[in-house]
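Okay, here's what each chain looks like letter by letter:
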Amino acid sequence: MNIPELIANQKSYFASQQTKVVSFRKNALKKLLKELLKREDDIVKALHNDFKKSEYEAVMTETSIVIAELKMAIKNIYSWSKPKRVLPSLLNFPSSAKIYKEPYGTVLIIAPWNYPYQLAFAPLVGAIAAGNTVVLKPSELTPHTSAITKEIIEAVFDNNHVAVVEGGVPIAQELLAQRWDYIFFTGSVPVGKIVAKAAAEHLTPITLELGGKSPCIVDETANIKLAAKRLVWGKFINGGQTCIAPDYLLIHTSVKKQFITHFKEEIFRAYGENPKASNDFPRIVNTRNFDRLALMLKNENCVIGGDTDREERYIAPTLIDEPSLDSEVMKGEIFGPIFPMISYNTEQDIENITSKYDKPLALYVFTNKSSFAKKMIQRYSFGGGTINDTTVHFANHRLPFGGVGESGIGGYHGKQTFDSFSHKKGVVTRGTWIDIPTRYAPYKGKLKQLKTLMKLS
């Protein structure tokens, strides 16, 4: 595929003004919804073929989320697109003022491999709803999902409206070398920096959905049994390959032993005594990532799990006891079913550990003390989080989802996805029936009147 030619064709298509018609966008979303519902079984199968994701997880974390985003956009697209009237400034009297939402133009969406369907289609829905043309690059690390994504898009859209470009790093580099009107990237921090640098060449606006080492704090007042249950779910869903999974555990010394007991019980309850045989426990996406994770287990005290099988790309749900902060497992984001546990005694201990890392994408606190939860939420900067559970803030479309600092730029979900792919254009309409002379030269004798107007505006 000739990428510059594809982009030129999409820019011409956008210039035709078709995508700015709201009814055109709504019809496109309806066609996409119909096709996704028809192909859901094929999508689930592709996800299983890529990394043995169970049907339940595929529906819960991938297909159902996209369908919900689509239905919401279809239902609300007219109200989202409507110009918003705002209070005019007295300095402009007489006037009215509105904010118009217009599409950026031709946008690039680069999707990751960990949720290869959801994180491709969810931003795509917002980009289409906002009136853009789109080039979507799925991850080459999940080839089955990438292939079905291309099939679905080609069945629904004109290539000049939405196109899928498959390929590895060279293709991504060629795409990033082009001039886009907006770039939406989900992936790792190192690659996010490459995307940001490429976007800066053309001053292209971007959304970066990245990651980081997201801490989970369990204090001495928490319901330890429930915390263990919810942490097993949040940490090991998708085989731990989740950007907002709790990355490491900070647990009060007094409840550590109790937590280990309950955590082991909950792993067995979820995946059986041999998680390798469970149909509900996914595999690591590829051998390279398996090797990276296996290295983290060397010379560590695995109080639970630690078993690996390179041929199957299997790593057991693992709890590591008291790793050194200089160890491999504590250096960067884990992105796998390995959970390092570090005990603490004071809030200063928490500060000493978390301060070693950049602002994370998420933070979790398990406690029965509202004052402690409030203090942790207000003290630390992070993308988003949950008190007494993990990852569930992602499920509320009314909440912005995104990072801060090294964990990302911008946010999306629900209406905010539409807003992310829309430029907000402020327009003032002046009345002509009167023209107050205050602003015009000569200015002699008008300063007092100007200051009064400035105070009232």
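Predicted model only: the values in this text are computed from it and were never measured.

Engineer: Just checking my understanding: could you explain the nonpolar core for this structure?
Structural biologist: Buried together is how nonpolar side chains tend to be arranged in soluble globular proteins. Counting residues in each nonpolar core, the largest one holds 84 residues, and the members touching the most others are Leu32, Leu36, Phe121, Phe259 and Phe263. With sequence-adjacent residues up to four places away left out, leucine 36 is seen in contact with Ile43, Val66, Ile67, Leu70, Tyr117, Phe121 and Ile152. In terms of nonpolar packing, the next biggest core, distinct from the first, is built from 25 residues, Ile320, Ile350, Val365 and Phe382 among them.

Engineer: Even after reading the chapter, I still don't get the packing of aromatic side chains, so can you show me in this structure?
Structural biologist: For any two aromatic rings, the description comes down to two numbers: the centre-to-centre distance and the angle of the planes. Under the criterion given, the structure shown has 16 aromatic pairs. Look at phenylalanine 93 and tryptophan 433: their rings are 6.1 Å apart centre to centre, the planes differ by 85 degrees, and that puts the pair in the edge-to-face class. Of this pair, phenylalanine 93 sits in the loop between strand S1 (84-86) and strand S2 (95-103) while tryptophan 433 sits in the loop between strand S18 (422-430) and helix H15 (447-456), and the two are 340 residues apart along the sequence. Summarising the aromatic geometry, the rings of phenylalanine 259 and phenylalanine 263 are spaced 5.1 Å apart at their centres and angled 25 degrees between planes, so their arrangement reads as stacked. Residue phenylalanine 259 and its partner phenylalanine 263 are both found in helix H10 (residues 256-271); the two are separated by four residues, about one turn of the helix. As far as burial versus exposure is concerned, phenylalanine 259 and phenylalanine 263 are alike and both buried. These aromatic residues form a ring-pair network of at least three members: Tyr104, Tyr182, Phe184, Phe394, Phe401, Tyr412 and Phe421. Lying across the ring of tyrosine 357, lysine 213 places its NZ or CZ 5.9 Å from the centre.

Engineer: How should I be thinking about the pattern of salt bridges in this particular structure?
Structural biologist: Side chains that carry opposite charge are capable of pairing whenever their charged atoms lie near each other. Here the structure, examined in full by the defined rule, presents 26 salt bridges. Between glutamate 35 and arginine 39 there is a salt bridge whose closest N-O contact spans 4.0 Å. As a salt-bridge pair, aspartate 309 and lysine 276 come within 2.5 Å of each other at their nearest N and O atoms. Placement of aspartate 309 in strand S11 (residues 308-309) and of lysine 276 in the loop between H10 and helix H11 (287-297) is noted, with a sequence separation of 33 residues between them. The class for lysine 276 is partly exposed, based on a relative accessible area of 27%. What you see here is one network of salt bridges that share partners, running through Glu35, Lys38, Arg39, Asp42 and Glu151.

Engineer: Is there a simple way to think about the sheet that holds strand S10 (residues 302-304) in this case?
Structural biologist: Two modes of strand pairing occur in sheets, parallel and antiparallel, and in both the strands are linked by backbone hydrogen bonds. Ordered by their spatial adjacency, seven strands build an open sheet running S10-S13-S14-S9-S8-S15-S16, and the pairing between neighbours is mixed. Two strands in the sheet have a free side with no partner beyond their single neighbour: S10 and strand S16 (384-387). The mean angle between the axes of side-by-side strands here comes to 25 degrees, regardless of whether they run parallel or antiparallel. Summarising the sheet, strand S8 (residues 215-218) and strand S9 (residues 248-252) pair through four bridges and their orientation is parallel. Looking at the pairing, valine 218 lines up with isoleucine 251 of S9. On top of the sheet, helix H9 (residues 224-236) reaches S8, S9, strand S13 (318-321), strand S14 (338-344) and strand S15 (362-366); it is set at about 145 degrees to S14, its chief contact.

Here is what the cut-offs are and how they apply
- Residues numbered from 1 in each chain as written.
- Predicted model: local features only at pLDDT ≥ 70, side-chain atom pairs only at ≥ 80, totals over all residues.
- Heavy atoms only, no water.
- Core = buried A, V, L, I, M, F, W, Y, C linked by side-chain atoms within 4.5 Å.
- Buried < 20%, exposed > 50% of the residue type's maximum accessible area, 1.4 Å probe, protein only.
- Contact = heavy atoms within 4.5 Å.
- Phe/Tyr/Trp six-rings, centres within 6.5 Å; stacked < 30°, edge-to-face > 60°.
- Helix = DSSP H or I, 4+ residues; strand = E, 2+ residues; numbered from the N terminus.
- Lys NZ or Arg CZ within 6 Å of the ring centre and 35° of its normal.
- Salt bridge = Lys/Arg side-chain N within 4 Å of Asp/Glu carboxyl O.
- Pairing = 2+ DSSP bridges.
- Axes fitted to C-alpha atoms, helices over the stretch in contact; angles between N-to-C directions.

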